[in-house]
Amino acid sequence: MSAVASRAQLPSLRPMPMRQLQPGERHFGRCIQGRICAPATKMTGVMVVLASEEPGDAGTACQLAVYNMAPPGAGPRQVDRLFPEGTCLAVKEPYFKIFADGTAGIRVDCPSDIVFLGEGSPPAAAGGMAAPDETTAASGTGSMQRQAELALEACTDPETLRQRGNELFRDKEGTQALRCYARWLLLEPGSVPALVNAAAAHLELGHWEQAYTAARDAHRLDPSSSKARYRLARALLHLRCYGPARDHLKALRQQMPKDKSVADLLRSAEVLAAQGSGRFDMAGILTADRRPAQMADWVGPIEVFASPVAGRGLRTTRAVKAGELLLVEGALASAASPPHSFELHLDMSTRRMNLGSQQQLAGELLRLSGASALDRQRVLALSDDESPAAGVPTCAALTPFQTEEELWSALQAAQAEAADSPGPDMQRCLGVVRVNAWGTSGGGKSQDPALSWPRHAAGSGEESAVWALLCLANHSCEPNAHAVFMGGPCMLRASRDLPAGEELFVSYSEDALFQPLRRRRQTLEDWDFRCRCRRCLVEEELPAEAVERMEEIDVDLDASTHSPGRLRRSFRALNTMPPAVAAHSAAGLLAEVRASLEGLEAALGQAPSSTAGSGVRGAGSSEGAAGSGGQPCLPDWRRACVLPAYLLCIACAQMAGDINTTLQLQRACLRMVEAVRPGAMEHATLAAMHAVDAGACRRVSKLAAAKRKRPAQQEALARAVRAAKTRYGRELPEAAAIKLLDRLVENSLMAAGQR
């Protein structure tokens, strides 16, 4: 309830005493006036203690939690400036709630619900409150700040303003420094030093469009100014105008050949300009020991269209091959939780964002919309859970600008649109998050171990994000595309060979793809839709006996931490036994699980052998498995519903030392994964483990280096390389693909305690 911004004007609201606040209630038509009586602290939001200013309510105070007002990474000094002690403020239509620690207080999610009243504001009368200037709500202007502003407005010396602005800039007070530079520009319109300094302050604050405008004006007034050109290039890089930024830096390099900062930025600009044209050094990016500082957005052979499945979708504009790059996109906004935090951003038990993370991510979108006219358009172009999008996003919204004229024209149009129509409010941003947010590879099992960057280390916490184009891809239980999250940027690749005009489908839940239909649909209900893809429709026709056996096996394999299934408990017990006893018991468990699977196979023998005549051609359908062409192998679809049982058999066979059974089961599992989810991390990992087991070695690279290979070993190696290229890029050299496979093997062995 607190996420909805109050649309009332303060004079129309009736003040109320704090003692009348009711927990869990939004007090419509009322307001609270008080004075900050304790230092502000920055937690998930800004926490202050508000003492009532209402007559007859003396001595009453409560907590006030304000979210989405302090900028990301704000320190104590910035928080103190936003909420100095002694400041009088009013809260419009307050929401009073019980916090997680059991205390009570007012929660504010929309900055416009806070109105700063200034020092010495009189208490509200019974019939109403004196109307303050409500524009101060967004800037967080307190009484001390107002005094400073008055002194600033009275200053008529440009040199004093320059010196004071530079002092504030050095103290990391960019917002205050900008006020000095703005006053300086009022006194000396067209001052190049003032414009250059303003551009620097905007860059430090992440205001790329404002920085570009100031630096552009300065460069036009004085083309010889190296500072103007340098800051113009920095702003252009952030605005995805890579080629012109590179050209400015080349000219600046000739002007300042010994400047290291120019040389470093020029190297980055050249890389980004190449990436913006679709030339990505994937071998260097994926096998490096650290994540790239920045990657260019790039849109490949895809387009947005009206999907027959659900609203809008993405489809190919030409035929593509498995592993081909389709899209590189930086997150529009993201929210990350610290490791071991109880306030997860993605609840792994329900696959849903929790309220705390929704508020944080929605707050990021809200701030983004206020700071950038171009990003405001992208936010409004995303659908929420109550209303359609305000516009139709196109791939051009992410395509890098080729010229400054193109950028300037788009920026002018976006700013004109922002002036004519309201931007998204907190409620709209929350709806966008609920519909479009994705969990990315932070800590835990979602991490891709082949990407060995520090951010992807175990325990780095969970992260969720919103993308402008990636979020338009619809779900299928037979996906033909997959995303590789890279700690900010995301790469979308084809999982299969696809013709032109084929809709792209991804999986919203990787684990669900290897569950029986009923459980899979229960998981997907969290996204408020019922999947009707071709695979789901085929599995609806399975015999009742087969479905019952599938679900029995699924229950016996339940891997939940608190109540693992019977077979899972039996396997875990093997790890506590002496090796000889464990090997014997593993052989017995293997026989038991295989007997269950044979019973399932017998029941599946009653199922239809093809979809001919059934009229099945649903969402996510694509001919062939892993781009092989022809009809997919339906038995592999059905077996994939109990893939964990086959993986358990592999683990038992390995513990029992039965290498032939291990290889046989691995090949069967690879067929299932290739039929259901080629390009998944599980696909590459399983193919890598099959290669090392076939070669009786510990590394894929060792098998690749062997001079003599049996046909089975050559086939296993080729299959592993093909899986790696499907996931990480068909353009990868074989050596780079093998290096990534080695990382997957190392992670798998460490997880199994074999290293």
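Scope of this entry: the structure provided in the associated data block.

What counts and what doesn't
Residues numbered from 1 in each chain as written. Predicted model: local features only at pLDDT ≥ 70, side-chain atom pairs only at ≥ 80, totals over all residues. Heavy atoms only, no water. Helix = DSSP H or I, 4+ residues; strand = E, 2+ residues; numbered from the N terminus. Buried < 20%, exposed > 50% of the residue type's maximum accessible area, 1.4 Å probe, protein only. Contact = heavy atoms within 4.5 Å. Areas by Shrake-Rupley, 256 points an atom, 1.4 Å probe, with all protein chains shown as cover. Axes fitted to C-alpha atoms, helices over the stretch in contact; angles between N-to-C directions. Parallel < 35°, antiparallel > 145°, perpendicular 65-115°, else oblique. Left-handed = near helix turned anticlockwise from the far one by under 90°. Salt bridge = Lys/Arg side-chain N within 4 Å of Asp/Glu carboxyl O. Pairing = 2+ DSSP bridges.

**Notes on the overall build of the protein**
Summing up its helical and strand segments, the protein has 27 helices and 21 strands in all. The proportion of buried residues among the 755 residues of the protein is 54%. Look at the contacts in the protein between residues 6 or more apart in sequence, and 69% of them connect residues 24 or more apart. When the accessible surface of the protein is summed, it comes to about 32500 Å², and 53% of that surface belongs to carbon and sulfur atoms.

**Observations regarding the packing of helix 20 (residues 579–604) against helix 22 (residues 643–656)**
Closest axis-to-axis distance for the helix 20/helix 22 pair is 8 Å, and the angle between their directions is 150°. Between helix 20 and helix 22, the angle is such that the two are roughly antiparallel. As for the relative orientation of helix 20 and helix 22, their crossing is left-handed in sense. Contact residues: helix 20 offers Ala 582, Ala 583, Ala 586, Ala 587, Leu 589, Leu 590, Val 593, Arg 594, Leu 597 and Glu 601, while helix 22 offers Ala 645, Tyr 646, Leu 648, Cys 649, Cys 652, Ala 653, Met 655 and Ala 656.

**Side note on the pattern of salt bridges**
This structure, assessed with the given rule, holds 27 salt bridges. Here Arg 315 ties to Glu 303 by a salt bridge, and the two come within 2.6 Å at their closest N and O atoms. In this pair, Arg 315 sits in strand 13 (residues 312–316) while Glu 303 sits in strand 12 (residues 302–306), placing the two residues twelve residues apart along the sequence. In this structure Arg 315 comes out as partly exposed when scored by relative accessible area, which is 28%. According to the relative accessible area criterion, Glu 303 is partly exposed, its value standing at 28%. Look at the salt bridges and you will find they share partners, linking Lys 260, Asp 264 and Arg 267 into a network.

**Brief notes about unusual backbone geometry**
The phi angle at Lys 172 is positive, at roughly 65°, despite the residue not being glycine. One can find Lys 172 in the loop between helix 4 (158–170) and helix 5 (174–187). Given the relative accessible area of 64%, Lys 172 is considered exposed. Its identity as a non-glycine residue notwithstanding, Arg 240 has a phi of 65°, on the positive side. You can see Arg 240 is positioned in the loop between helix 8 (226–238) and helix 9 (242–255).

**Examining the pairing of strand 20 (residues 489–494)**
Extensive coverage of strand 20 is indicated by the burial of six of its six residues. Here strand 20 shows two buried faces, one formed by Pro 489, Met 491 and Arg 493 and the other by Cys 490, Leu 492 and Ala 494. Across five bridges, the pairing between strand 14 (residues 325–330) and strand 20 is antiparallel. Along strand 20, the bridge assignment pairs Gly 330 with Pro 489.

**Quick word on the sheet that holds strand 14**
Hydrogen bonds between backbone atoms are what pair the strands of a sheet, whose relative direction is either parallel or antiparallel. The strand order 11-14-20-19 describes an open sheet built from four strands, whose pairing is antiparallel. The sheet is open, and its two borders are formed by strand 11 (298–299) and strand 19 (481–485), each paired with just one other strand.

**Points about the environment of Arg 569**
Along the chain, Arg 569 turns up in helix 19 (residues 566–574). Taking the C-alpha atoms as reference points, Arg 569 and Asp 558, separated by eleven residues in sequence, lie 9.4 Å from one another.

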